[in-house]
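Listed below, chain by chain, are the residues.
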Amino acid sequence: MGRKTLVLLLGVLGAYYVYTPLPDNIEEPWRLVWLSVQFRTLQNLALFAELLGINHFMETLMFCMSFREVPPTSDENVTVMETTFSNVPVRVYIPNQKSQALRRGVFYIHGGGWCLGSAAWVVYDLLSRETVNRLDAVVVSTNYRLAPKYHFPDQFEDVYNSLKWFLHQDVLEKYGVDPKRIGISGDSAGGNLAAAVTQQLIDDPDVKIKLKTQSLIYPALQTLDMDLPSYRENSLLPTLSRALMVRFWSEYFTTDRSLEKAMLSNQHAPVESIHLFKFVNWSSLLPETFKKGHVYNSPTHGTSEVFKKFPGFLDVRAAPLLADDNKLHSLPVTYVITCQYDVLRDDGIMYVTRLQKAGIRVTHQHIEDGFHGAISHLNFKIGHRIKNHYLSWLNENL
Ligand SMILES: *[C@@H]1O[C@H](CO)[C@@H](O)[C@H](O)[C@H]1NC(C)=O
Ligand SMILES: *[C@@H]1O[C@H](CO)[C@@H](O)[C@H](O)[C@H]1NC(C)=O
């Protein structure tokens, strides 16, 4: 083969690898293509290492992303410290300026598919600082144990225990937080955990202090139907493919790959779950614009095998969209961000519909040109836009 042919061949292969079909209204498309190439390369590397038996897929990703961590450094406006709440490591951000009045409190839960992420990641550290600066609030950014080492319900329980610790009267007093003005927020898997612990808190007789707001940033809320219009439309878009989301979900429950296989073909719903289908029925829960051009197929139930092995995926603590209506009536004022180009879009929208029907005051911020994870990419204009929407809402409602 001549050198020219080789160069041409490599060029074609390279172009094929970089090629990422994007919707027309995506802002800064080349930036997103570049991000997508980096993500895909990292994932391919992790898959390859897993194939060779060197390392678990998620552990390679976590290792490669550990450079995103920054130490808890105080600055002129914010004192940052690391401590534990009920044995769960947290970062606490406190405004330096003296205040006579009690402050608002924000409890933040990072994303990363229950497998990745940390309160120490620079994006979360920056978001916490900005929340302090904009709201003059105390921010608690919690960690939790991650898969593949730990599975459901460990992630949920860590977050729940950490939150309950924060909600003690004496802890709030120590940090100067007003017990009537505490909000919970999270993105992606953090939005899932935020929604789940907020539901759980309602019936907890030990907790006297209630949350004022919940802010769910493109949350994952259900595992029952992996064939929603948003999964169909965005399955190959950056930064979260359907395949990766299914992997995250299944890793939350188990490292056994049989659950993932069943979820990929949407055949994991057991017969026992038929009564839950109405809670994820996009045909009745999505507004017309999001249903356009799609035909509803209810999840195929049949095999109960996977369900018997991993019952967690129908547990409301993992899938808050499966909660009964009577549970939803007492939820706090809610803010939901969804992105048009995100497999998780319809999870968020269906929750908005259900909460509105339950009489909860909900603000739904739908980002027409948004993609999953945008708030974590502050080199994108859209990352700033979403962050500003979120912080403005929080400032007005908390
Ligand atoms: C501290 O707050 C001031 C006033 O809001 C701001 O101009 C400055 O950039 C902040 N410093 C840091 C390190 O964020
Ligand atoms: C889903 O909703 C549609 C429209 O409201 C309804 O016709 C259908 O029976 C529902 N299916 C399930 C499984 O709940």
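Above this note sits the structure.
All of these numbers come straight from a predicted model, not from anything done at the bench.

A.B. asks: Before we move on, can you summarise the overall build of the protein with the specific residues and values?
C.D. replies: When helices and strands are tallied, the protein shows 16 helices and 8 strands. Each principal axis of the C-alpha atoms in the protein carries an extent, and together these give about 75 × 50 × 40 Å. Expressed as a percentage of the 398 residues in the protein, the buried residues total 59%. For the protein, the share of sequence-separated contacts (at least 6 apart) that also reach a separation of at least 24 residues comes to 75%. With an accessible surface of roughly 17,200 Å², the protein has 57% of that area assigned to carbon and sulfur atoms. For the protein, the distance from the average site of its 39 positive side-chain charges to the average site of its 40 negative ones is 2 Å.

A.B. asks: An account of a nonpolar patch on the surface is needed here, citing residue identities and associated values.
C.D. replies: Among the surface-exposed residues, Leu6, Leu9, Leu10 and Leu13 lie close enough to one another that they form a single nonpolar patch of about 380 Å² accessible area. Turning to its location among the elements, Leu6 is positioned in helix α1 (residues 3-18). Its relative accessible area of 39% is what places Leu6 among the partly exposed residues.

A.B. asks: Please provide a residue-by-residue account of the packing of aromatic side chains, values included.
C.D. replies: In this structure the tally under the stated criterion is 18 aromatic pairs. Seen from their ring centres, Trp249 and Phe253 are 6.2 Å apart, and the 0° between their planes marks the pair as stacked. Remark: Phe253 and Trp249 occur in helix α9 (residues 242-253); sequence separation between them is 4 residues, near one turn of the helix. The same class applies to Trp249 as to Phe253, namely buried. On the basis of an interplanar angle of 65° and a centroid distance of 6.4 Å, the ring pair of Phe253 and Phe313 is categorised as edge-to-face. In this pair, Phe253 sits in helix α9 while Phe313 sits in the loop between α13 (305-309) and α14 (325-328), placing the two residues 60 residues apart along the sequence. Neither Phe253 nor Phe313 differs from the other in exposure class; each is buried.

A.B. asks: Quick one: what's the story with the site of ligand 2, residue by residue and with numbers?
C.D. replies: All residues in the neighbourhood of ligand 2 are listed as Phe277, Asn281, Ser283, Ser284, Tyr296 and Ser298. Note that an oxygen atom of ligand 2 is positioned 2.3 Å from one of the side-chain N or O atoms of Asn281. When ligand 2 is considered free in solution it has 360 Å² of accessible area, and contact with the protein chains removes 46% of it. Split by residue class, the shell around ligand 2 holds 2 nonpolar, 4 polar and no charged.

What counts and how
Residues numbered from 1 in each chain as written. Chains lettered and ligands numbered in written order. Predicted model: local features only at pLDDT ≥ 70, side-chain atom pairs only at ≥ 80, totals over all residues. Heavy atoms only, no water. Helix = DSSP H or I, 4+ residues; strand = E, 2+ residues; numbered from the N terminus. Buried < 20%, exposed > 50% of the residue type's maximum accessible area, 1.4 Å probe, protein only. Contact = heavy atoms within 4.5 Å. Areas by Shrake-Rupley, 256 points an atom, 1.4 Å probe, with all protein chains shown as cover. Lys, Arg positive; Asp, Glu negative; His and termini not counted. Charge placed at Lys NZ, Arg CZ, Asp CG, Glu CD. Patch = residues over 30% accessible without salt bridge, like charges linked within 9 Å, V, L, I, M, F, W, Y side chains within 5 Å. Salt bridge = Lys/Arg side-chain N within 4 Å of Asp/Glu carboxyl O. Phe/Tyr/Trp six-rings, centres within 6.5 Å; stacked < 30°, edge-to-face > 60°. Near = heavy atom within 4 Å. Polar contact = N/O pair within 3.5 Å; in protein donor to acceptor, adjacent residues only side chain to side chain. Nonpolar A, V, L, I, M, F, W, Y, C, P; charged D, E, K, R; others polar.

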